[in-house]
Amino acid sequence: MTENTQQQTAPTTELPTTYAPAEVEGPLYERWVERGYFEADAKSEKPAYTIVIPPPNVTGSLHLGHAFEHTLIDALTRRKRMQGFETLWQPGMDHAGIATQNVVERELAKEGKSRHDLGREAFVERVWEWKAESGGQIAGQMRRLGEGLAWSRDRFTMDEGLSRAVQTVFKKMFDDGLIYRAERIINWCPRCLTAISDIEVDYQDDDGELVSMKYGEGDDTIVVATTRAETMLGDTAVAVHPDDERYAHLIGKRIKLPLTDRTIPVVADTHVDPEFGTGAVKVTPAHDPNDFAIGQRHDLESIEVLDERGVITVHGPFQGLDRFEARSAIVAALRADGRIVAEKRPYVHSVGHCSRCKTTLEPRLSLQWWVKVETLAKAAGDAVRDGRVDIHPADMSQRYFDWVDNLNDWCISRQLWWGHRIPVWHGPDGELVCVGPDEEPPTGEGWTQDTDVLDTWFSSGLWPFSTLGWPEKTPDLEKFYPNSVLVTGYDLMFFWVARMMMFGLYAMDGQPPFRTIAFHGMVRDEFGKKMSKSFGNTVNPLDWMDKYGSDALRFTLAKGANPGVDVPIGEDWVQASRNFANKIWNATRFAMMNGATTEGPLPDASEMSATDRWILSRLNETVAQADAYYEDFQFAKLADTLYHFAWDEVFAWYVELSKTTFFAGGEGAKVSGRVLGEVLDVMLRLLHPIVPFVTDTLWTTLTGGESLVIADWPKDSGFRDKAAEQEIELVQRVVTEVRRFRKEQGLQDAQKVPARLMVDGTPLVAHEAAIRQILRLQPEGEGFAATASLPVAGATVALDLSGTIDVAAERKRLAKDLAAAEKEKAQANGKLGNEAFLAKAPDNVVDKIRGRLAKADEDIARIEAQLANLPQA
C-alpha cells in the first residue's frame, strides 16, 4: 500500500485525550516551514508540478473565498508532493493599484492632506512605506490555514524582477504594434479619477428617470428619450433609421437643440432600432460608446460637457453643477420651456458602477493606451480548441470561447500614481519613445514620461512566467513552466485567465501558461445567497478557525467543492467537520491503545480474518476512488468518500467488529492490530491533503515517521476480496436489522437482551461474538423464551424481550398507529376509486393521493410486522 522512505523513530501512543487545534496548528506549521518541506528546487530530477497562487491584493485579508480556493490548491500540491513530484506552489501578492492608492489616500485625508500635496514621488514612497508596515497581513492568515507555499519565493507584482518583466513585454508589444494610443469612450470613475476596464464594471439595477423631450421646432420637431438628461448639452445629432418613413423628411436637416444656441443634424444610421421608443435617438459622441461609433461614421463633433469629476463644464447656467444636480436642473428648464413630452419615475435600469468604490461610472471620451487583442485572443482560443489547454469542467469552455472570440481592445492605462508607470516618453514635438528595461530614456528639454500607470491586470497577466524569472532564461522557468494547473474562480475567467493566456502564448513562443484550468464556484451562505456586508451574512474565516480549527474549515470547504458550482457554507457544517476531526483523533487513539501498529510487514491474507481482508479490500478501493476524484478535481466526492470510509467503514464497522479479537488477545489480535495500523496509516495519508494538521499529528505518533508532508502517497495494491466483502455485508445486514428492531421496540442502545443466533451453515458463524458484542446480545441462558424472531441474511436472530418492554402498552400503541394507517388507506382508495373525482382533479393532486396510498401500505406492513414480533401477552 505504501512505501515509507522516511527515517523512522519508535512510535508512541502518547496522545492527549482530546484534540486541541489551537495548541497543535501554529507550532506544527512553523515546523513544516522551518524544515523546508514546501520549497521547490529547479535542479531536482523529479517531475515538476506547478501552481501559482491567484495573487491576493496587498490590501486584503483572508476571506472565505480565499480560504476555499487555497484549500483546493493546497490539497492538490500536498498530494503531488507525496507522489514524488518537485512541487511548487508559487506565493505572492498583487499591488492592487486602485485599491491600494485609495487606502493610502484615506490615510492622508486623516492628516488633512491629499496626494497632490505630497507630489507623485513622495506619494509613491508613502505607499511603499504603508506596504512595509501594514500591507500583506493576509500572508500570516494563509499560514493559519496551513497553506504549503514556497515562502522563500514570495513575489510582489511591483518588485524589481516583475517590474522588469512588465517593462520588457510592454516594449515588445509596442514594437510589434500591439500597443497603441487612441481617443475612445471608456468607463470613467469620477471618484477614483481613472479609467476602468469593461470587466471591472459592476452593473446593478438603479432607480432613475426616463425623460422624453422635443428637439426642433414646428414640423421639424422630433422626440427623443434619455436617462441622462445632462448629456443633452453635448448632443451633436439625432439619429433615425434610414428606412423609417416617419422621419424621412428630416434626414439631412438641422434642428434646434434646446437650451443652447446650436443646431444639430438628423442623420440616418442602421444602428437605430425603429421599433424602440420613438425610433429616434439623441447622439452624444463624447459620452456614450454607441453614440461615439455613430459619430465616427458620420464625422460628428465630440463635445465634452462633463469633467473628470462629473461636473458640467459648458458655459451657461448649468456650469459647475454636479452631473446629478445638473440632471434635475436641466429637466426643470426643459419643462419650463415646454419641451418635456413624458417623464417616468422611478425608471429601473441597469447602471455601471466602479467595482472598487461603487461610484456610478461615466462613459467618457479619453485619450488612453490600448492593447490590440485580435491576434492575442485568437491564440488564446486556439490553445483550448486544439487541446494544449484543458478547461475543467468542460462546460466552462463555451463561456471562455464566448469571451475570447468577442474581445474588444483592452484599455490598459490608468490615471493613478501607484502602479507600473507606462514606459513611454513624450517629446516636445509629439514624439513617442518606448523604453525597455536596459535602455536609457531620452533626455533634453521637453521630454517627459507618460503620467499614466498600467492596469493591475497587465502585471498579474504575466504571473505564471514573470515569477519564474522571465525575461531571463532561468532554471526555474525551464523547470516549472508551463504551470501544471490553474485553480481559480469562474469570476476571474475574463479578468485574469484570458489575460494570462494571451500574454503567456505571446511572450513564451506559443507555450500556454498552464496545461489545465480548473474553475471553481463562489462561496455562498448556507441558504445559497451571495455573501455581502449589506446582507449581513459575511463570515470571517479566522473566527471559525479559532473556534473549530483550520482542519474543520478546510474539510467543510472541500466537501462542498463540486467543479464550477457555487459552494454554500454554514457554521453548523464547520462544527460537523470539527466533530469528524475529533472522531479521527479519538478512534485512532483508541486503536493505538488496543494494539494498532505499523511495525513489521503486513501479514499474508491467509493469516487474516474475513474482517481484516474486507477492510483491506475496501481500503484499496478507496485509494483508487481518491485518485480518480483528485485527477478530475472532484473535491466534494473525494471528501465524502474519505469521510464515509473513515467514519463508517473503519470506525463504525471494522473497529467495532474487531473489538472481540483485540480483547481476546493472541495471534489473531496481533494480525488485526497490524491490519488496523495499515488502514490508519493509509487513511491518514489519504486525508492529509485536506486536513493536514490532525492527520500529521496522528500519523507521526502512529508510525514514528518524520511528517506526512513528505510521506509517500498510498498506491492501490490491487488487493480485492469480494468474498470477504460479501461476508461482512451479511454481518452488516444482521446488525442493521436488529438495531432497527431494537429502536422500534424502544430499547436503549446499552440495554442488554438475551438472544439466540441461529447462524450454523452461514458465514456468520465466525462473527457471532462480534455481533453479540455490537448489539448487546446476551447468551440465552436458562428460561430463555424467544418472543421475537428476525430472519435476516440466511440466519435467524431470536430475542427474549420479556421483562424489557411493556408488551401490553406497546401493543396498544401499535394498534392505534395501525388503525390510523388503515383509515388513511381507505380514504385514499375511496378518492382514487371515484371516477368523477379523477376526471376533475389535477394530475398533481391525484399523484399526491397515490403517494399517500403507497405510504399507508408501507406503514401497515411495518406495523403488522412489529406486532407479529411482540411477545405474546
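Let us look at the structure shown here. Bear in mind the structure is a predicted one, so any value in this text is a computation, not a measurement.

Take empty space enclosed by the protein next. Inspection of every chain in the model, using the stated rule, returns four cavities of 30 Å³ or more. In this structure, the largest cavity occupies an estimated 90 Å³ of space. What lines the largest cavity is simply Leu-72, His-392, Val-487, Ala-518, Phe-519, His-520, Ala-561, Asn-562, Pro-563, Phe-633 and Phe-635. Counting residues per element, the lining of the largest cavity draws most heavily on strand 23 (residues 514-520), at three residues. Its residues placed into classes, the lining of the largest cavity shows eight nonpolar, three polar and no charged. Put simply, the second largest cavity is a space of about 70 Å³. Its residues placed into classes, the lining of the second largest cavity shows three nonpolar, two polar and four charged.

Right, let's talk about the nonpolar core for a bit. Judged by nonpolar contacts, the single largest core of 209 residues is most densely connected at Met-173, Phe-458, Met-501, Met-683 and Leu-799. The greatest single-element share of this core, amounting to 13 residues, is contributed by helix 20 (residues 635-664). If we ignore the near neighbours within four places in the chain, the residues touching Phe-458 are Val-166, Val-169, Phe-170, Met-173, Ile-179, Val-371, Trp-410, Ile-412 and Phe-503.

With that settled, the discussion passes to the pattern of salt bridges. For the coordinates displayed, the defined rule picks out 55 salt bridges. A salt bridge links Arg-143 to Glu-30; the nearest nitrogen and oxygen atoms lie 3.7 Å apart. Highlighted residues: Arg-143 in helix 6 (residues 137-145) and Glu-30 in helix 1 (residues 21-34), separated in sequence by 113 residues. Residue class for Arg-143 comes out partly exposed when judged on its relative accessible area of 27%. For Glu-30, a relative accessible area of 34% puts it in the partly exposed group. Asp-405 is the salt-bridge partner of Arg-385, the closest N and O atoms lying 2.6 Å from each other.

Spatially, four strands are ordered 6-5-14-16 in an open sheet, and the strand pairing comes out antiparallel. Pairing within the sheet leaves two strands with one partner each, and these edge strands are strand 6 (194-196) and strand 16 (410-411). Helix 8 (residues 289-298) rests against strand 5 (179-189) and strand 14 (362-371) of the sheet, and its axis sits at about 140° to strand 5.

What sets the pattern is the α-helix's 3.6 residues per turn: residues three or four places apart point alike. When helix 8 is considered as a whole, its buried residues turn out to be Asp-291, Phe-292, Ile-294 and Gly-295. Summarising the axial view, the buried residues of helix 8 lie within an arc of 160°, below the 170-degree limit, and thus occupy one face. Where helix 8 is buried, its residues touch strand 5, strand 9 (237-240), strand 11 (263-268), strand 12 (280-283) and strand 14. Sitting at the head of helix 8, Asp-288 places a side-chain oxygen 2.9 Å from the backbone nitrogen of Asn-290. Residue Asp-299 follows helix 8 closely and has a positive phi angle near 55°.

Let us look at unusual backbone geometry. A cis amide bond links Arg-345 to the next residue, Pro-346, at an omega of -10°. Within the element layout of this structure, Pro-346 appears in strand 13 (residues 340-354). Here the residue pair Tyr-481 and Pro-482 is connected by a cis peptide bond, since its omega of 0° sits within 30 degrees of zero. Mapped onto the elements, Pro-482 comes out in the loop between helix 14 (475-480) and strand 22 (483-489). Even without glycine at this site, Ala-96 takes up a positive phi of about 50°.

Across the seven residues that make up strand 22, a large majority, seven, are buried. Pairing of strand 22 with strand 23, which is carried by six bridges, proceeds in the parallel orientation. Considered in strand 23, the bridge of Asn-483 is made with Phe-514. Assessed by its sense of winding, the connection that carries the chain from strand 22 through helix 15 (residues 493-507) to strand 23 is right-handed.

One open sheet accounts for three strands, arranged 8-7-13; its pairing is antiparallel. The open sheet has two edge strands, strand 8 (222-226) and strand 13, and neither has a second partner. The mean angle between the axes of side-by-side strands here comes to 20°, regardless of whether they run parallel or antiparallel. Across twelve bridges, the pairing between strand 7 (residues 201-215) and strand 13 is antiparallel. Looking across to strand 13, one finds that Asp-202 is bridged to His-353. Of the strands in this sheet, strand 7 and strand 13 touch helix 9 (residues 323-336), which is tilted by about 165° from strand 13.

What counts as what
- Residues numbered from 1 in each chain as written.
- Predicted model: local features only at pLDDT ≥ 70, side-chain atom pairs only at ≥ 80, totals over all residues.
- Heavy atoms only, no water.
- 1 Å grid on protein atoms, 1.4 Å probe; cavity = no way out; pocket = protein on both sides within 12 Å on 5 of 7 lines; lining within 4 Å.
- Points joined across faces, edges and corners; volume = space filled by probe spheres on them.
- Helix = DSSP H or I, 4+ residues; strand = E, 2+ residues; numbered from the N terminus.
- Nonpolar A, V, L, I, M, F, W, Y, C, P; charged D, E, K, R; others polar.
- Core = buried A, V, L, I, M, F, W, Y, C linked by side-chain atoms within 4.5 Å.
- Buried < 20%, exposed > 50% of the residue type's maximum accessible area, 1.4 Å probe, protein only.
- Contact = heavy atoms within 4.5 Å.
- Salt bridge = Lys/Arg side-chain N within 4 Å of Asp/Glu carboxyl O.
- Pairing = 2+ DSSP bridges.
- Axes fitted to C-alpha atoms, helices over the stretch in contact; angles between N-to-C directions.
- Arc of directions from axis to C-beta.
- Polar contact = N/O pair within 3.5 Å; in protein donor to acceptor, adjacent residues only side chain to side chain.
- Right-handed = clockwise from strand over helix to strand, strands pointing away.

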